[in-house]
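Residues per chain are reported as follows:
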Amino acid sequence: MGTQQIIESINAEVVSRELPRMDVGDTINVHCRIVEGDKERIQIFQGVLIARKGRGANEMITVRRIVNDQGVERVFPLYSPRIANYEVVRRADARRSKLYFLRDRQGKSRRLRDRRRGIKHVKGLPIAQR
């Protein structure tokens, strides 16, 4: 077996976890496992998905939210064992693959248009095929 085949088999094991379909512009909840001493709890980070990078086991997402009028961005490995769950809260229309321009926006211009107007909460979306 060649080196490339070994790498692909390892990636296939990691990527086998099913994820909801998440596109750039969507508002998502990321359920992070936080370890404090001997206790473990889950903390939810809700924000707009502004970027996706990489592929396979190395895929990363960048989620941005506003806290006390300050922008906070976190980068999550998509298939990390520290991530318990992903939820899609709202689907939005994005014409670009990276939404870094939202960093400069304030107020109403920061909002993104709904993909399907009238549908606020998304349930039963197909699983992403990657």
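Shown above is the structure to which this text applies.
Report on the accompanying structure. (Residues numbered from 1 in each chain as written. Predicted model: local features only at pLDDT ≥ 70, side-chain atom pairs only at ≥ 80, totals over all residues. Heavy atoms only, no water.)

Structural notes on the nonpolar core
Then comes step 1: In this structure, Ile-28, Val-30, Ile-61, Val-63, Phe-76 and Tyr-86 are the most contacted members of the largest nonpolar core, which totals 16 residues.
Then comes step 2: Breaking this core down by element, the ones donating at least two residues are β1 (27–36), β2 (39–53), β3 (60–67) and β5 (83–90).
Then comes step 3: Among the nonpolar cores identified, the runner-up in size contains seven residues, and Val-24, Ile-50, Ala-92 and Leu-102 belong to it. (Core = buried A, V, L, I, M, F, W, Y, C linked by side-chain atoms within 4.5 Å. Buried < 20%, exposed > 50% of the residue type's maximum accessible area, 1.4 Å probe, protein only. Helix = DSSP H or I, 4+ residues; strand = E, 2+ residues; numbered from the N terminus.)

Focus: the packing of aromatic side chains
The geometry of an aromatic ring pair is captured by the separation of the ring centres together with the interplanar angle, meaning the angle of the planes.
Then comes step 1: Tallied over the entire structure, the rule returns one aromatic pair.
Then comes step 2: Between the NZ or CZ atom of Arg-65 and the centre of the ring of Phe-45, over which it lies, the distance is 5.1 Å.
Then comes step 3: In this structure, Arg-74 packs its charged tip against the face of Phe-45, placed 5.5 Å from the ring centre. (Phe/Tyr/Trp six-rings, centres within 6.5 Å; stacked < 30°, edge-to-face > 60°. Lys NZ or Arg CZ within 6 Å of the ring centre and 35° of its normal.)

Quick look at unusual backbone geometry
Leaving glycine out, the prevailing phi sign among residues is negative, and the prevailing peptide bond configuration is trans.
Then comes step 1: Of note, the phi angle at Asn-68 is positive, near 50°, even though the residue is not glycine.
Then comes step 2: Unusually for a residue other than glycine, Asp-69 sits at a positive phi of about 60°.
Then comes step 3: Along the chain, the position of Asp-69 falls in the loop between β3 and β4 (70–77).
Then comes step 4: Taking relative accessible area as the criterion, Asp-69 reaches 75% and is therefore assigned exposed.

As for the pattern of salt bridges
Then comes step 1: Throughout the structure, instances matching the rule amount to ten salt bridges.
Then comes step 2: Between Glu-73 and Arg-64 there is a salt bridge, with the nearest N and O atoms lying 3.0 Å from each other.
Then comes step 3: Residue class for Arg-64 comes out buried when judged on its relative accessible area of 14%.
Then comes step 4: Taken together, the salt bridges that share partners define one network made up of Arg-21, Asp-23, Asp-26 and Arg-91. (Salt bridge = Lys/Arg side-chain N within 4 Å of Asp/Glu carboxyl O.)

Observations concerning the sheet that holds β1
Strand pairing in a sheet relies on backbone hydrogen bonds. The paired strands run either parallel or antiparallel.
Then comes step 1: The strand order across the open sheet built from five strands is β4-β3-β2-β1-β5, with neighbouring strands paired in antiparallel fashion. Two strands lie at the open edges of the sheet, namely β4 and β5, each paired on one side alone. Sheet twist, expressed as the average angle between the axes of neighbouring strands with direction ignored, equals 40°.
Then comes step 2: Sheet topology note: the β2/β3 ladder contains five bridges and is antiparallel. When the sheet's bridge partners are listed, Arg-52 is paired in β3 with Ile-61. (Pairing = 2+ DSSP bridges. Axes fitted to C-alpha atoms, helices over the stretch in contact; angles between N-to-C directions.)

In short, shape yes, function no, at least from these values alone.
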